[in-house]
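Structural overview for review
So you can see what is in the structure, the chains are spelled out below.
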Amino acid sequence: MLSIALAGKPNAGKSTFYTAATMAEVDVANYPFTTIDANRGVSYVRTECPCLQRDERCTSDNCRDGKRYVPIELLDVAGLVPGAHEGKGLGNQFLDELTNADVIVNVVDASGGTNEKGEPVDIGAHDPLEDIDFIEEEMDLWLAGIVENNWESVERKSRSPGFDIDDVLADMLSGFGASPTAIATILRDLEYPEDPIQWTDEHREALARDVREKTKPIVVAANKIDVAPEENVERLLELDKPVIPTTAEGELALRRAAEGELVEYDPGDTTLEITGDVNESQRSALEGLAETIDRWDGTGVQGALNYAVYDLLEHITAYPVQDASKWSDGSGNVLPDAFLLPSGSTPVDLAYAVHSDIGDGYLHAVDAKSSREVSESHELEEGDVIKIVSTAS
């Protein structure tokens, strides 16, 4: 399961985002370090289900009339403060938790209602643009410190016959989620001395920065847009970075209203319909949220998760089936499973995602949409429905 981490300074709305995205109860309060121990839960990315191409919708619990929700892990950890890479606040604990994440959502208080330490101030008093690069810089410096602390070992190994700096650095950085292939690619793009003894702090910092960029991509959730000065949101959207306007509180309110059958709303919708018996205050609040999601193309919570997986990580959704004509499993369940795979994945990769035995026994695959056999090197596309024939089936 892919893992998305919520990052940001204290009181930016990470825990509210987490609650809205998982509907799991956590501590949410208006003071720094509400979150001490990391919260882990299951959330979902949303895509269009292939069942829309059939006369009847599928039977999956994760499909709502063609809106398919695919599970991912969501991680909410303690907020960062300036100097986190030096251990200030709960910095080391926070940064350690990020090592297992595949992608990061940087939750920024777009309203400017919290200062750099996460302490409440008047709306607009703090410039949210100052918080954009904050997470990247703290992570870069933290990782640079790890590289620096281990560099003496690299220098010692460089004196041994058969020394390969790619292998040594890949081993050192493997705990940060950097594969040997990723390290090799990063090193090819860097200019550095062949002898590790001649490396400078600038070389090590450049290495740390490139490793972080390639292994921990970041999308910004410009949170609290419902109370943010309009110019703040516009300035954030003008940045040369992926920024998603977000109201985590709005998403949480809508999900709870949907649970109470007050509205018709699914995560990621850009419209809502009031269907229940609501009082005047509730109606006013819901109508305000309707205007917000209409203007900003949703609450942004689902949008940020989707962007993280489908755009930053460049993943697709594929659907394995046993019956190519009915798009079902052996029990007749239509499109029961959906798997997130890196772009460029093949039917063999899908087979291994289902089960290692299925992959080991792979024979061939059939594109259920066209009823044609596809090669093992065929690149899957978003929404493909694939029958895998395996000795282990």
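Above this text sits the structure in question.
The text that follows walks through the structure, step by step, so that each part is easy to find. It should be emphasised that the depicted structure is a prediction, and the values quoted were computed from it without experimental measurement.

With that settled, consider helix α11 (residues 347-354). Turning to α11, its buried residues number three or more, namely P347, V348, L350 and A351. Buried residues of α11, viewed axially, fall in a sector of 160 degrees; they line one side. Looking at the buried side of α11, the elements it contacts are β10 (315-321), β11 (339-342), α12 (356-360), β12 (362-367), β13 (372-374) and β14 (384-390).

Turning next to the pattern of salt bridges. Evaluated as defined, the whole model comprises 17 salt bridges. Of the charged contacts in the structure, one is a salt bridge between R295 and E230, with a shortest N-O distance of 2.9 Å. Separated by 65 residues along the polypeptide, R295 in helix α9 (residues 280-296) and E230 in helix α7 (residues 230-237) bring together distant segments of the chain. A residue is classified by how much of its surface remains accessible, and R295, at 48% relative accessible area, is partly exposed. Its salt-bridge partner being R255, residue E251 comes within 2.7 Å of it at the nearest N-O pair. Pair noted here: E251 and R255 are both in helix α8 (residues 248-259), with a separation of four residues, about one helical turn. Side by side, E251 and R255 carry an identical accessibility label, which is buried.

Okay, the nonpolar core next. Formed by 40 residues in total, the largest nonpolar core has its most connected members in I4, F17, V45, V105, V309, L335 and L340. Where this core is concerned, the elements lending two or more residues are β1 (3-7), α1 (14-22), β4 (67-76), β5 (103-109), β6 (218-223), α10 (301-312) and β10. Considering every element that reaches this core, the biggest residue donor is α10, with six residues. Once residues within four sequence positions are removed from consideration, V45 is found in contact with R68, Y69, V70, I72, Q302, L305, N306, V309, Y310 and L340. Listed in part, the 34 residues of the second largest apolar core include A5, F134, W142 and A208.

Now for the packing of aromatic side chains. Tallied over the entire structure, the rule returns two aromatic pairs. Measuring from centroid to centroid gives 4.7 Å for W151 and W199, while their planes differ by 40 degrees, and the two rings are tilted. With W151 in helix α3 (residues 134-157) and W199 in the loop between α5 (180-188) and α6 (201-215), this residue pair connects regions lying 48 residues apart in the sequence. For W151, a relative accessible area of 2% puts it in the buried group. The class for W199 is buried, based on a relative accessible area of 5%. Arranged with centres 5.0 Å apart and planes meeting at 45 degrees, the rings of Y192 and W199 form a pair that is tilted.

What follows deals with the environment of R283. Inspection of the secondary structure puts R283 in helix α9. With 21 residues separating them in the primary sequence, R283 and L262 have C-alpha atoms 9.7 Å apart. In contact with R283, not counting residues within four places along its chain, are I274 and V278.

This part takes up a negative patch on the surface. On the surface, a cluster of negative charge is made up of E287, E291, D294 and D297. Structurally, the position occupied by E287 is in helix α9. On the basis of relative accessibility, which here comes to 40%, the residue E287 falls in the partly exposed class.

Glancing now at the sheet that holds β10. As summarised here, the arrangement of the five strands in space is β11-β10-β14-β12-β13, forming an open sheet in which the pairing is mixed. Every other strand in the sheet has two partners, leaving β11 and β13 as the edge strands with one partner each. Shown here is a sheet whose adjacent strand axes are inclined to one another by a mean of 45 degrees, direction ignored. Where β12 lies against β13, three bridges are found, and the strand directions are antiparallel. Looking across to β13, one finds that V366 is bridged to E373. On top of the sheet, α10 reaches β10 and β11; it is set at about 85 degrees to β10, its chief contact. Its contacts with the sheet place α11 against β10, β11, β12, β13 and β14, and it is angled at close to 135 degrees to β11.

Criteria and thresholds
- Residues numbered from 1 in each chain as written.
- Predicted model: local features only at pLDDT ≥ 70, side-chain atom pairs only at ≥ 80, totals over all residues.
- Heavy atoms only, no water.
- Buried < 20%, exposed > 50% of the residue type's maximum accessible area, 1.4 Å probe, protein only.
- Helix = DSSP H or I, 4+ residues; strand = E, 2+ residues; numbered from the N terminus.
- Arc of directions from axis to C-beta.
- Contact = heavy atoms within 4.5 Å.
- Salt bridge = Lys/Arg side-chain N within 4 Å of Asp/Glu carboxyl O.
- Core = buried A, V, L, I, M, F, W, Y, C linked by side-chain atoms within 4.5 Å.
- Phe/Tyr/Trp six-rings, centres within 6.5 Å; stacked < 30°, edge-to-face > 60°.
- Patch = residues over 30% accessible without salt bridge, like charges linked within 9 Å, V, L, I, M, F, W, Y side chains within 5 Å.
- Areas by Shrake-Rupley, 256 points an atom, 1.4 Å probe, with all protein chains shown as cover.
- Lys, Arg positive; Asp, Glu negative; His and termini not counted.
- Charge placed at Lys NZ, Arg CZ, Asp CG, Glu CD.
- Pairing = 2+ DSSP bridges.
- Axes fitted to C-alpha atoms, helices over the stretch in contact; angles between N-to-C directions.

Scope: geometric values only; no functional claims are made or implied.
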